[in-house]
Amino acid sequence: RARLFVDRVFTIRGAGTVVTGTLTGGVLSVGQEVEAWPVGVRARIRSLQTHKRAIDVARPVSRVAANLVGVDRARLERGDVVGPPGAWRGTRVLEARLRPVRGLAHPLTARGAYKFYAGSAERDARLRLYGPQELRAGEEGFARIHLAAPIVLDVHDRFVLREAGRRETVAGGVVLDVDPPERPGADPAARLLRRLGAPREELPAIVVEERGAVRTADLLVLAGRGEAHGAERVGGWWVHPSLHAEVRRAVEEALAAFHRERPLLEGAEVALAREAALAALRSRGAPPDPDLVDALLEDLEARGVVARAGPTVRLASHRVTLAGREEEVDALVEAVARGEPGPPTVPELVAGGTPREVIDAAVRAGLLVRVSPELVFTPGFVARAAEVARELGAAGMTVSAFRERLGTSRKYALPLLEHFDRQGLTRRQGDLRFVRADAPAGR
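Conventions we followed
- Residues numbered from 1 in each chain as written.
- Predicted model: local features only at pLDDT ≥ 70, side-chain atom pairs only at ≥ 80, totals over all residues.
- Heavy atoms only, no water.
- Phe/Tyr/Trp six-rings, centres within 6.5 Å; stacked < 30°, edge-to-face > 60°.
- Helix = DSSP H or I, 4+ residues; strand = E, 2+ residues; numbered from the N terminus.
- Pairing = 2+ DSSP bridges.
- Axes fitted to C-alpha atoms, helices over the stretch in contact; angles between N-to-C directions.
- Contact = heavy atoms within 4.5 Å.
- Core = buried A, V, L, I, M, F, W, Y, C linked by side-chain atoms within 4.5 Å.
- Buried < 20%, exposed > 50% of the residue type's maximum accessible area, 1.4 Å probe, protein only.
- Salt bridge = Lys/Arg side-chain N within 4 Å of Asp/Glu carboxyl O.
- Parallel < 35°, antiparallel > 145°, perpendicular 65-115°, else oblique.
- Left-handed = near helix turned anticlockwise from the far one by under 90°.
- Nonpolar A, V, L, I, M, F, W, Y, C, P; charged D, E, K, R; others polar.

### A few points about the packing of aromatic side chains
Here is step 1: Scanning the entire structure with this criterion turns up four aromatic pairs.
Here is step 2: With a centroid separation of 5.1 Å and 15° between ring planes, the pair formed by Phe-377 and Phe-381 is classed as stacked.
Here is step 3: With a centroid separation of 6.3 Å and 80° between ring planes, the pair formed by Phe-377 and Tyr-412 is classed as edge-to-face. One end of the pair, Phe-377, is in strand 25 (residues 375-377); the other, Tyr-412, is in helix 12 (residues 410-423), with 35 residues separating them in the sequence.

### Comments concerning the sheet that holds strand 10 (residues 90-100)
Here is step 1: The antiparallel closed barrel is built from six strands, whose spatial order is 10-15-13-12-16-17. Adjacent strand axes in the sheet meet at a mean angle of 40° when their direction is disregarded.
Here is step 2: Both strand 16 (residues 158-163) and strand 17 (residues 168-177) contribute to a ladder of six bridges, which runs antiparallel. Along strand 17, the bridge assignment pairs Arg-162 with Thr-169.
Here is step 3: Along the sheet, helix 1 (residues 188-197) makes contact with strand 10, strand 13 (121-130), strand 15 (141-152) and strand 17, crossing strand 17 at roughly 80°.

### Points about the nonpolar core
Here is step 1: Counting residues in each nonpolar core, the largest one holds 35 residues, and the members touching the most others are Leu-98, Leu-108, Phe-116, Ile-145, Phe-159 and Leu-161.
Here is step 2: Listed by contribution, the elements that provide at least two residues to this core are strand 10, strand 12 (114-118), strand 13, strand 15, strand 16, strand 17, helix 2 (203-211) and helix 3 (216-223).
Here is step 3: Excluding anything up to four places from it in sequence, Leu-161 contacts Leu-98, Tyr-114, Lys-115, Phe-116, Leu-127, Glu-168, Thr-169, Val-170 and Ala-171.
Here is step 4: Grouped together as the second largest cluster of nonpolar side chains are 31 residues, Trp-237, Val-251, Ala-280 and Leu-281 included.

### A closer look at the pattern of salt bridges
Here is step 1: This structure, assessed with the given rule, holds 32 salt bridges.
Here is step 2: Its salt-bridge partner being Asp-7, residue Arg-63 comes within 2.5 Å of it at the nearest N-O pair. Placement of the pair is Arg-63 in strand 8 (residues 62-69) and Asp-7 in strand 1 (residues 3-12), with a sequence separation of 56 residues.
Here is step 3: The partner of Glu-232 in a salt bridge is Arg-303, with the nearest N and O atoms 2.9 Å apart. Within this pair, whereas Glu-232 is found in strand 19 (residues 232-234), its partner Arg-303 is found in the loop between helix 6 (290-302) and strand 22 (306-309), the two being separated by 71 residues in sequence.
Here is step 4: Relative accessible area serves as the criterion here: at 39%, Arg-303 is assigned to the partly exposed category.
Here is step 5: Members of the salt-bridge network, linked through shared partners, are Glu-95, Arg-144, Asp-177, Arg-191, Arg-195 and Glu-210.

### A few points about the packing of helix 10 (residues 379-393) against helix 11 (residues 399-406)
Here is step 1: The N-to-C vectors of helix 10 and helix 11 enclose an angle of 130°; their axes lie 10 Å apart at closest approach. Relative to helix 11, the element helix 10 is oriented oblique. Along this stretch, helix 10 crosses helix 11, giving a crossing that reads as right-handed. Residue-level contacts link Phe-381, Arg-384, Ala-385, Val-388, Ala-389, Glu-391 and Leu-392 of helix 10 to Ala-401, Phe-402, Arg-405 and Leu-406 of helix 11.
Here is step 2: In terms of residue class, the contact of helix 10 with helix 11 is built from eight nonpolar, no polar and three charged.

Interpretation in functional terms is not warranted from these geometric data alone.
Printed below as a string of structure tokens:
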């Protein structure tokens, strides 16, 4: 990732804003769009120079002057960083290894005011030491550093601490985490020691393991690379395998319990699976981000663990079974058949004691046909009504003629005809309905 440490900002009349500094990490090119941090403004490189010589591409490590178009000089200052858009981010809190300078006459402690120097930036700083609360010359330790204003840093960047009161250099250090967790944890020294000894290529996997899940764009900022070997790619996230397994287990258990309690329902509301996934994320200290939850559920669906249909979700292995409810279903089908051609409506059946889920299960099992949200018929009656529609619809039929032939009322005849319209058996033309010439046989 290219990073131009700005040490000077000035303007050239008619030519725009010019920044000078040292370029590291990557190349910058004329015409390239860039971003300046920590202010976060976009600009375009009009021209580049190194040692007063015009160039098209600036390479690390070199002194560079970049003429920027689209940004006012007042927005930039010494200590800023210029680089590709989205590649960097400012931070006010970091964790680091500290080593007091040789010959330091007094121990380094968290008391007092300090100046933090990295690249061309200078910031007021406060310390929080992990472990021993003072460090002497020849010792080293880990600390959390709070800065008065944001600064752009990378893991493994080196810095210097000066004590503001005595105006002396007291320690040097190396950055280990540019966005540390809010709580250091039970053993922050062990966590940071692992980072200290890890090569750059292993850092993304360490970041994902520490956090459980990290957005792809954030991983680039936090670790300098956008891929974490060994982690699961889930939508726009990298997820640690153990967290992925934990979320899968939680969702499977929640849905399995729902299916045991409501075996006649095809699935649960998606909110049930979301809550199970969120609980698993919180238990592991992972970000309870709704976008992460949705990405995980979509991943479980792609893996064939769950199946979604509109607002419901189920285990992919779940099948609606009527086992243990046969008497209820038989009584329901008998009640509908006994009432035809004017059977009780769904609300009437529910009011009479038939659970709605039993009605839905009978429809899914093919024992009843739903022709509207409030009406179900037996398959035999629907087949007989279809034959009447074929016979009358050859020359065109009215609702009234269809109703009289079936011996029912408009309340039942019209939903049946609308059902046949949706099924492709009939088509409406004014007040008449005709059998479609392309209607499949038996429909």
